[in-house]
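# Residue-level structure breakdown
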Amino acid sequence: MTVSKNINNPVGMGGGKRKKLSRAERQNNGPHRNLDRQVAADQKAELVRKMREKAGAAEGAGQAGNDTAQS
């Protein structure tokens, strides 16, 4: 059996052709990665929101303490 050296013409490998990959898919940049990026962005946004709430609550408590001390 002849063995082809061309990756787009695999002789003896099931008789089918390989899927043509887009440039983005060849660089592991397919739709699954876009979903992962969106999930990561959502998690980061949630974390930032929680941190801001904590900082705002701590700042509000600190100002309330200072107001009573000044009065």
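Refer to the preceding data block for the structure.
Presented here is an overview of the structure given in this document. (Residues numbered from 1 in each chain as written. Predicted model: local features only at pLDDT ≥ 70, side-chain atom pairs only at ≥ 80, totals over all residues. Heavy atoms only, no water.)

What follows deals with the overall build of the protein chain. Along the backbone of the protein chain there are 2 helices and 0 strands. With the model as given, the accessible surface of the protein chain reaches about 6700 Å², and the carbon-plus-sulfur share is 53%. (Helix = DSSP H or I, 4+ residues; strand = E, 2+ residues; numbered from the N terminus. Areas by Shrake-Rupley, 256 points an atom, 1.4 Å probe, with all protein chains shown as cover.)

For the rest of this paragraph, the subject is the pattern of salt bridges. This model, assessed by the stated rule, comprises 2 salt bridges. Across the pair Glu 46 and Arg 49 runs a salt bridge, and its minimum N-O distance is 2.4 Å. Taken together, the residues Glu 46 and Arg 49, both in helix α2 (residues 31–70) and 3 residues apart, mark about one turn of the helix. You can call Arg 49 partly exposed: its relative accessible area is 38%. Salt-bridge contacts for Arg 49 lead to Glu 53; the nearest nitrogen and oxygen are separated by 2.6 Å. Taken together, the residues Arg 49 and Glu 53, both in helix α2 and 4 residues apart, mark about one turn of the helix. For Glu 53, a relative accessible area of 49% translates into the label partly exposed. (Salt bridge = Lys/Arg side-chain N within 4 Å of Asp/Glu carboxyl O. Buried < 20%, exposed > 50% of the residue type's maximum accessible area, 1.4 Å probe, protein only.)

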